[in-house]
Number of protein chains: 6
Amino acid sequence: MGNLEKDGVSLGKAAVLLVLHTGGAETALQDRSVACGYKVYKGKVGSMDSAKIFAAITTAAKREGLINDRYREEHALYHSILEAYHGICRGQDGLGNVMRSAGLLFSIVRGPRLPNDAADGEWIAIALYGSMGAPIKGFEHEVLGLGINPV
Amino acid sequence: MGNLEKDGVSLGKAAVLLVLHTGGAETALQDRSVACGYKVYKGKVGSMDSAKIFAAITTAAKREGLINDRYREEHALYHSILEAYHGICRGQDGLGNVMRSAGLLFSIVRGPRLPNDAADGEWIAIALYGSMGAPIKGFEHEVLGLGINPV
Amino acid sequence: MGNLEKDGVSLGKAAVLLVLHTGGAETALQDRSVACGYKVYKGKVGSMDSAKIFAAITTAAKREGLINDRYREEHALYHSILEAYHGICRGQDGLGNVMRSAGLLFSIVRGPRLPNDAADGEWIAIALYGSMGAPIKGFEHEVLGLGINPV
Amino acid sequence: MGNLEKDGVSLGKAAVLLVLHTGGAETALQDRSVACGYKVYKGKVGSMDSAKIFAAITTAAKREGLINDRYREEHALYHSILEAYHGICRGQDGLGNVMRSAGLLFSIVRGPRLPNDAADGEWIAIALYGSMGAPIKGFEHEVLGLGINPV
Amino acid sequence: MGNLEKDGVSLGKAAVLLVLHTGGAETALQDRSVACGYKVYKGKVGSMDSAKIFAAITTAAKREGLINDRYREEHALYHSILEAYHGICRGQDGLGNVMRSAGLLFSIVRGPRLPNDAADGEWIAIALYGSMGAPIKGFEHEVLGLGINPV
Amino acid sequence: MGNLEKDGVSLGKAAVLLVLHTGGAETALQDRSVACGYKVYKGKVGSMDSAKIFAAITTAAKREGLINDRYREEHALYHSILEAYHGICRGQDGLGNVMRSAGLLFSIVRGPRLPNDAADGEWIAIALYGSMGAPIKGFEHEVLGLGINPV
Ligand SMILES: [Mg+2]
Ligand SMILES: [Mg+2]
Ligand SMILES: [Mg+2]
Ligand SMILES: [Mg+2]
Ligand SMILES: [Mg+2]
Ligand SMILES: [Mg+2]
């Protein structure tokens, strides 16, 4: 049984904090995450073309070894991205087709759902955070999405 | 023009951190939020009936004075809840109707989009964070949603 | 070939104007509609339970002879109601489940797509117009939906 | 308190009638709308690319002074367009991607929700009316959408 | 009244079996379908562009005489394709925009809903079957959709 | 590497054929499925309450040993049901809330994606087939949905 005491952080919370924190807080969180048994990665992507968001995260996950080369791992990653993407779209899927653009940070966190809890295997969490809006600087507001699936 | 230097935190980030943090980190965040010119509230709701989530947040926002009694303020709050609700549902709206239950913390944050930035008026952010899944203890994973609208 | 000259009005426009007009304008429109070869009906329904909207319109259509008792006619009516219902929901289907209520006028118009144009057979249009919002008087705004299918 | 007596017309109804009426009825409606305290604009857009619909309306609203250059005004306009767009799509968002095209009239109406009713501030209504269907002349039927948000 | 005894097969089942069977089973099914009073066609389409799926089926239906050249027939076909397309997309419409590709067999079956049952007129069923997934060979799983409308 | 030669049948196709076949064809298919390394179950559920469909399938899967008692297995099953449910709803989720009822057969098939192909682990497929429509006998048409996830 995993525990959340002291510096423990659940998988999804680790993914979300990772896209929100910067500087020292981000480094500290990465350390806590590793101590919880998670593999983590943080990247950046911006586009009016939603496929680019999927591609950027998938490429990073493979390159950084967060998923292996079996389809079932890529499938878990894909559905986690798709769920996070629903979160930032909030009911009307699409970016350029509804004339909006997204500038996003993304995180990929892989591990047990709770710190060091091996009983239910590994899961993969994707968090997306940034701004969405008109393609005009400052004409945008914050968005956030989180997707989690067993891997 | 608002600024994010030192302890500044943007409106949406404040809302999300508020549902993620506990204890001292939560208290510190509330102080930072107030210093940024935000009004904040954090509550709890769990249900298989999605209407209860809407009701709990609306009731709290009115009771705590986060919205006044004009319809345009309630409308802004409502659409922010709806957008956050899409985030936790991730593409298939509904709870009990698709046999799942949610146990959630919610936050309401009202103020400028950026700390002490009066130029674009007030906005209202709703964050929802918790777990969703089968109505069986432990058979659930984390979900998160964020909605923001001008008020 | 039908024509829209003088007092001609297309099927969908007739359905929408019928829910918008009152008094003399409504009577005049009904006369114009009949002259175009349309059968029309206008009713009223309000609820937080979306099934009641479907039931009220279906019952009226059968009672007033706007559809006969074959399934293909009821199917056309059903899909027209469903499309109009999407229009009033605007991306997030549901009423009571997302804590909102609707007070609606509905119209059913059956006939050619264009006045007296027999070439493409009969179609059925459903328009819904009214207000949707919180279950508090005055805390609601206008909504409108239109659905059309061949019958 | 606004009133609907005599020639009064509510904001959403004004927007819808504006896209439905032509000639003298359109001119009369514009006069009534102005008397109710509304600013109005009517335009035309046709495309298989949904972004063009958003762009045409946004450009017109700015050029005609129906919104100012603050983000919160553009945000209100954007969400009103998005809601009207859901109305014409009726459950399956998209145009060219599902091989259909739209030829539309649009209206933008800004003012109180009820004639000369200042108590609840200004709102913005977007109506879309026209035909949607296969990219073959005459192979299309009428569609209508309405979106309203506080501005 | 139609009957399902012996070799009878309902319209939707015929459409689905047609995309699933190959070789002798497919030929036998085509014979059974014709004996039930159905017209059938089976084709193939693969793309990341969903419009190509709509186009391929529409073109085949016209070329093979499964629909005539009236709009109401094309409308019935279109909505049947759209419903089958929802089936393969499972809640998140789109292909290339969410970085996935589909390789599909499709069937078009036209006739009574039950074998030789003339009482409720003709209906048109579309079935889609194949695989969807990443644009990498083998990184995909099976999908199936069925849509039916009166024609 | 699995193979589809002779009597081999892929996982999703097995699930769909199982809900379509009856009598001797059903028995033969069950035998073929077992020979391919699949565990199979077929049941029946009818309701206007969508939660009952989820409950019936989940209960059967557990009782028949098609999933074990870890959350990650129930999660895989749940998402497969949800995807199949989207297939039968075709773009507008819901049953009783949009005044329609479903009478369904369901199948649960667990095993490799291709016959006896151990390389990519186990997957779970859910197929739903039956009729949906008004709560009047005969006023309904066929629907089909398929969902597949790694387990
Ligand atoms: Mg899940
Ligand atoms: Mg927004
Ligand atoms: Mg149509
Ligand atoms: Mg609203
Ligand atoms: Mg139907
Ligand atoms: Mg999948």
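What you see is a predicted model, and the numbers here were worked out from it, not measured in a lab.

Chemist: Break down the overall build of chain A for me, with residues and values.
Modeler: Along its length, chain A carries four helices and four strands. The order of α-helices and β-strands along chain A, N terminus first, is α-α-β-α-α-β-β-β. For 151 residues, the compact-globule estimate of 2.2 N^0.38 gives 15 Å, and the C-alpha radius of gyration of chain A, at 15 Å, lies within 12% of that figure. Put simply, chain A has 151 residues, and 66% of those count as buried. For chain A, long-range pairs separated by at least 24 residues make up 67% of all intrachain contacts whose partners lie at least 6 apart in sequence. As displayed, chain A offers around 5200 Å² of accessible surface, 53% of which is attributable to carbon and sulfur atoms. Across chain A, 16 positive and 16 negative side-chain charges occur, with their mean positions spaced 3 Å apart.

Chemist: Describe in detail the relation of the copies chain A and chain B, supporting the description with residues and values.
Modeler: Superposing chain A onto chain B requires a rotation of 180° together with a translation of 0.0 Å along the rotation axis, leaving an RMSD of 0.0 Å. On the angle and the small slide along the axis, the relation comes out as a two-fold axis. The position closest to the rotation axis in chain A is occupied by the C-alpha of Gly87(A), lying 1.9 Å away. The overlap is high: 100% of the interface residues of chain A also sit at the interface in chain B, so the same surface is used on both sides.

Chemist: Requested: an account of the coordination of the magnesium ion (ligand 3), with residues and values cited.
Modeler: The magnesium ion (ligand 3) binds to the protein through His141(D) (NE2), His75(E) (NE2) and His79(E) (NE2), with metal-donor distances spanning 2.2 Å. Highlighted residues: His75(E) and His79(E), both in helix H4 (residues 71–89), separated by four residues, approximately one helical turn.

Chemist: Tell me about unusual backbone geometry, residues and numbers included.
Modeler: Positive phi, close to 55°, is recorded for Arg90(A), a residue that is not glycine. By secondary structure assignment, the location of Arg90(A) is in the loop between helix H4 (71–89) and strand E2 (101–111). Take Arg90(A): its relative accessible area is 4%, and that puts it in the buried class. Unusually for a residue other than glycine, Asn116(C) sits at a positive phi of about 55°. Owing to a relative accessible area of 52%, Asn116(C) belongs among the exposed residues under this scheme.

Chemist: Before we move on, can you summarise the packing of aromatic side chains with the specific residues and values?
Modeler: Counting across every chain of the model gives 30 aromatic pairs over all chains. Taking 5.4 Å as the distance between ring centres and 50° as the angle between the ring planes, the aromatic pair formed by Tyr71(B) and Phe139(C) counts as tilted. Placement of Tyr71(B) in helix H4 (residues 71–89) and of Phe139(C) in the loop between strand E3 (123–133) and strand E4 (140–150) is noted, with the two residues assigned to different chains. Taken together, the ring pairs in this structure connect Phe54(A), Tyr78(A) and Tyr85(A) into an aromatic cluster.

Chemist: Could you give an account of the pattern of salt bridges, with specific residues and numbers?
Modeler: In the structure shown here, the tally under the stated rule is 48 salt bridges over all chains. In this structure, the salt-bridge partner of Lys42(C) is Glu26(C), at a minimum N-O distance of 3.2 Å. With Lys42(C) in strand E1 (residues 39–47) and Glu26(C) in helix H2 (residues 23–35), the pair connects residues that are 16 residues apart, well separated along the chain. Of the residues examined, Lys42(C) reaches a relative accessible area of 19% and is grouped as buried. In this structure, Lys62(D) and Glu74(D) form a salt bridge, with 2.9 Å as the shortest nitrogen-oxygen distance. With a gap of twelve residues between them, Lys62(D) in helix H3 (residues 50–63) and Glu74(D) in helix H4 (residues 71–89) connect regions that are remote in the sequence. The exposure class of Glu74(D) is buried, given its relative accessible area of 6%. Residues participating in the shared-partner salt-bridge network are Arg70(A), Arg113(F) and Asp120(F).

Chemist: Can you explain the sheet that holds strand E3 (residues 123–133) of chain F? Please cite residues and give values.
Modeler: Either a parallel or an antiparallel arrangement is found when strands of a sheet pair, and the pairing is made through backbone hydrogen bonds. All names here are of chain F. Sheet architecture is open: four strands sit in the order E1-E2-E3-E4, paired in antiparallel fashion. Here the strands that pair on one side only, and so sit at the sheet edges, are strand E1 (39–47) and strand E4 (140–150). Neighbour to neighbour, the strand axes of the sheet diverge by 15° on average, direction disregarded. Summarising the sheet, E1 and strand E2 (residues 101–111) pair through nine bridges and their orientation is antiparallel. Bridged to Lys44 within E2 is Leu105. Set on the sheet, helix H4 (residues 71–89) makes contact with E2, E3 and E4; between it and E4 the angle comes to about 150°.

Chemist: Could you give an account of the interface of chain A and chain B, with specific residues and numbers?
Modeler: Reports of interface size often rely on the accessible area that becomes lost once the parts have come together. Opposite the 24 residues of chain A that make contact, chain B presents 24 residues. Around 2100 Å² of area is buried between chain A and chain B when both sides are counted, 58% of it from carbon and sulfur atoms. Considering only the side of chain A, the residues that lose the most area to chain B are Lys13(A), Arg90(A) and Glu142(A), jointly responsible for 26% of the buried surface there. Inspection of the chain A/chain B interface yields two salt bridges. The partner of Glu83(B) in a salt bridge is Arg90(A), and the shortest N-O contact between them spans 2.8 Å. In this structure, the connection of chain A to chain B is made through 14 residue pairs in polar contact (both at pLDDT 80 or more). Of all the elements in the fold, those that place two or more residues in the side of chain A that touches chain B are helix H1 (11–20), H4, strand E3 (123–133) and strand E4 (140–150) of chain A.

Chemist: Residue-level account of the interface of chain E and chain A, with values.
Modeler: Contacts between the two partners involve 14 residues from chain E and, on the opposite side, 17 residues from chain A. Across the interface of chain E and chain A, roughly 1100 Å² is buried in total on both sides, 61% from carbon and sulfur atoms. The interface formed by chain E and chain A contains zero salt bridges. The interface formed by chain E and chain A holds six residue pairs in polar contact (both at pLDDT 80 or more) in total. Residues that form the side of chain E that touches chain A fall into these classes: six nonpolar, six polar and two charged.

Chemist: Just give me the short version of the environment of Ile88(B), but keep the residues and values in it.
Modeler: Residues and elements named next belong to chain B. The topology assignment puts Ile88 in helix H4. Residue classification places Ile88 among the buried residues on the basis of a relative accessible area of 0%. Along the primary structure Ile88 and Tyr129 are separated by 41 residues, whereas in three dimensions their C-alpha atoms are 7.8 Å apart. Once residues within four sequence positions are removed from consideration, Ile88 is found in contact with Leu104, Leu128, Met132, Val143, Leu144 and Gly145.

Chemist: Describe the relation of the copies chain E and chain A, with residues and values.
Modeler: Two chain copies, one operation linking them: a rotation about an axis together with a shift along it. In screw terms, the move from chain E to chain A is a rotation of 120° and a rise of 0.0 Å along the axis, fitting with an RMSD of 0.0 Å. With respect to symmetry, the two chain copies, as superposed, fit the operation of a three-fold axis. Considering only C-alpha atoms, the residue of chain E closest to the rotation axis is Asp93(E), which sits at 4.8 Å.

Chemist: Any chance you could break down the coordination of the magnesium ion (ligand 6) for me, citing the residues and the numbers?
Modeler: Distances from the magnesium ion (ligand 6) to its protein donors, namely His75(A) (NE2), His79(A) (NE2) and His141(E) (NE2), fall within the range 2.2 Å. With His75(A) in helix H4 and His141(E) in strand E4 (residues 140–150), the pair connects residues from two separate chains.

Reading guide: rules and limits
- Residues numbered from 1 in each chain as written.
- Chains lettered and ligands numbered in written order.
- Predicted model: local features only at pLDDT ≥ 70, side-chain atom pairs only at ≥ 80, totals over all residues.
- Heavy atoms only, no water.
- Helix = DSSP H or I, 4+ residues; strand = E, 2+ residues; numbered from the N terminus.
- Rg over C-alpha atoms; globule rule 2.2 N^0.38 Å.
- Buried < 20%, exposed > 50% of the residue type's maximum accessible area, 1.4 Å probe, protein only.
- Contact = heavy atoms within 4.5 Å.
- Areas by Shrake-Rupley, 256 points an atom, 1.4 Å probe, with all protein chains shown as cover.
- Lys, Arg positive; Asp, Glu negative; His and termini not counted.
- Charge placed at Lys NZ, Arg CZ, Asp CG, Glu CD.
- Least-squares fit on C-alpha atoms with pLDDT ≥ 70 in both.
- Donors = N, O, S within 2.8 Å, 3.2 Å for Na, K, Ca; no water.
- Phe/Tyr/Trp six-rings, centres within 6.5 Å; stacked < 30°, edge-to-face > 60°.
- Salt bridge = Lys/Arg side-chain N within 4 Å of Asp/Glu carboxyl O.
- Pairing = 2+ DSSP bridges.
- Axes fitted to C-alpha atoms, helices over the stretch in contact; angles between N-to-C directions.
- Buried area = accessible area lost by both parts, 1.4 Å probe.
- Polar contact = N/O pair within 3.5 Å; in protein donor to acceptor, adjacent residues only side chain to side chain.
- Nonpolar A, V, L, I, M, F, W, Y, C, P; charged D, E, K, R; others polar.

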